[in-house]
Amino acid sequence: MRFERLELRRIGLELVVPFRTSFGTELHRDILLVHVTTDVGDGWGECVAMSAPFYSSEFVDGADLVIRQHLWPMLTAAGDVRAADVAGVLEPVHGHPMAKAALEMAILDAELRAAGTTFHELLGTDRSTIPSGVSVGIFDDLDDLLAQVQGYVDDGYARIKLKIEPGWDLEPVRLVRDLIGPDMPLQVDANTAYNRTDLDHLCRLDEYDLLLIEQPLPEEDLLGHAQLAQRSSTPVCLDESIVSLQTAADAIDLGAAEIVNIKPGRVGGYLAARRIHDLCLARGIPVWCGGMVETGIGRAANAALATLPGFLLPGDISAASRFYARDIVTDPITVTDGTVTVPDAPGLGFELDHDFLDSITTSTDVIDA
Ligand code: NPG
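Parameters at a glance
- Residues numbered from 1 in each chain as written.
- Predicted model: local features only at pLDDT ≥ 70, side-chain atom pairs only at ≥ 80, totals over all residues.
- Heavy atoms only, no water.
- Salt bridge = Lys/Arg side-chain N within 4 Å of Asp/Glu carboxyl O.
- Buried < 20%, exposed > 50% of the residue type's maximum accessible area, 1.4 Å probe, protein only.
- Helix = DSSP H or I, 4+ residues; strand = E, 2+ residues; numbered from the N terminus.
- Phe/Tyr/Trp six-rings, centres within 6.5 Å; stacked < 30°, edge-to-face > 60°.
- Lys NZ or Arg CZ within 6 Å of the ring centre and 35° of its normal.
- Expected span 1.5 Å × (residues − 1).
- Near = heavy atom within 4 Å.
- Polar contact = N/O pair within 3.5 Å; in protein donor to acceptor, adjacent residues only side chain to side chain.
- Areas by Shrake-Rupley, 256 points an atom, 1.4 Å probe, with all protein chains shown as cover.
- Nonpolar A, V, L, I, M, F, W, Y, C, P; charged D, E, K, R; others polar.
- Domains from an automatic or database assignment.

Undergrad: Can you walk me through the pattern of salt bridges in this structure?
TA: Any two side chains of opposite charge can pair, on the condition that their charged atoms come close. Scanning the entire structure with this criterion turns up 26 salt bridges. R9 serves as the salt-bridge partner of E7, at 2.7 Å between the closest nitrogen and oxygen. Each member of the pair, E7 as well as R9, is classed as buried. Residues D189 and K163 are paired through a salt bridge, measuring 2.6 Å at the closest nitrogen-oxygen approach. Separated by 26 residues along the polypeptide, D189 in strand β7 (residues 186-189) and K163 in strand β6 (residues 159-163) bring together distant segments of the chain.

Below, the structure is given as structure tokens:
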């Protein structure tokens, strides 16, 4: 396809409750949407970079800039480009996977819409529902945590993920395990908040029968994760460390990743995410789909991705209402009996609510090809 125009749209959305992790508290999202117009039609992508570089080195203003100054000019110069070519065309740019993923997403959406094909058809899958997990932030008060967890149990979620950090780990996990009972799947996510001197402490989580512990150590510390995996009966899952197919393969070979969280934005796009899934499936490593507080654009695409057979654990694909009072799509993701229905519309699987989108737009820039 040939590119005609790029629209960079920034929107502002409030979260229904503050979301605190070991790296900060989100109250308000400043989201970059990418709208690509081509000779065969148009498509939208969502950039998952946050306002500040605390989860990874990317942040929304940086993503906006690298798209304008580097990525988009490279794509337009490449001429006839399909979604499958985008990663290769952009390869000379080091890093910036979330920015690259947003562009690839928009191009993939346009391509699928033009062909009248759904994303799960492209992936070759036919599951119509996927299990839905929910991610629960850190609180000042244990009672507030328990009240929020109980609410999500009542909503029917298939598993609970608790954010942990030093000083907020054993006790919240014990209380939540008591609250939800032994059978409800429970996992924890530290977002790199510990270090190698904490391995004995982290092994004390073993008694709570967790599905996994996610990214306890810094992203570069594959060896430390391998040491923890040796010592702990709780499977070690990597998120931040897995930035490419190569890091996934190496982490698995080192014994540092017994489970992998796949986030398309973190690995440069949905097509790279699929390749990491394929690798993990071949190596017998279960994967699940992470979340980055996406709007209905990213949520629809994540739900389709999670229909691939290696996604053996519930992902962080919760109802849009977990984070947003109103989504920017006409048919927001909901959770029924612990499952999400995989969207069945051509493209990535969403239709935008243009009136609402316009009402929360903070800036629009159009760049011609
Ligand atoms: O359900 O979308 C969601 C959020 C899931 O906890 C979640 N995401 O570390 O995985 C994470 C965390 C995150 C949120 C990471 C925002 C980065 C930014």
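Undergrad: Honestly, the packing of aromatic side chains in this entry has me stumped. Any pointers?
TA: Each aromatic ring pair is summarised here by two numbers: the centre-to-centre distance and the angle between the ring planes. Taken as a whole and assessed by the stated rule, the structure comprises six aromatic pairs. On the numbers, 5.3 Å between centres and 55° between planes, the contact of F3 with W72 is tilted. Of the two residues, F3 is situated in strand β1 (residues 3-21) and W72 in helix α1 (residues 60-77); the sequence distance between them amounts to 69 residues. The residues F3 and W72 share a single accessibility class, namely buried. Here the aromatic residues F19, F323 and Y324 are joined through ring pairs into a cluster of three or more. Stacked on the ring of F350, the Lys or Arg R113 has its end atom at 5.0 Å from the ring centre. One cation-aromatic arrangement involves R159 over W288; the distance from NZ or CZ to the ring centre is 5.1 Å.

Undergrad: Would you mind going over helix α11 (residues 270-283) with me for this structure?
TA: Since the α-helix packs 3.6 residues into each turn, any two residues three or four apart lie on the same face. In a regular helix each residue adds 1.5 Å, so 14 residues correspond to 20 Å; α11 covers 20 Å between its end C-alpha atoms and thus fits that length. Taken residue by residue, α11 has Y270, L271, A272, A273, I276, H277, L279 and C280 as its buried positions. Immediately beyond the C-terminal end of α11, within one or two residues, lies G284, with a positive phi of roughly 75°.

Undergrad: Is there a simple way to explain the site of the ligand in this structure?
TA: In the vicinity of the ligand, 18 residues are found, and the nearest of them are S135, K163, N191, K263 and V293. Between S135 and the ligand, the recorded distance is 2.6 Å, taken from a side-chain N or O atom to an oxygen atom. Interatomic distance of 2.7 Å between a backbone N/O atom of V293 and an oxygen atom of the ligand. Calculation on the ligand without its partners gives an accessible area of 430 Å², and the protein chains cover 99% of this total. Looking at the shell around the ligand, its residues break down into seven nonpolar, four polar and seven charged. Here the shell around the ligand gathers at least three residues from each of two domains, domain 1 (3-116 + 353-368) and domain 2 (120-341).

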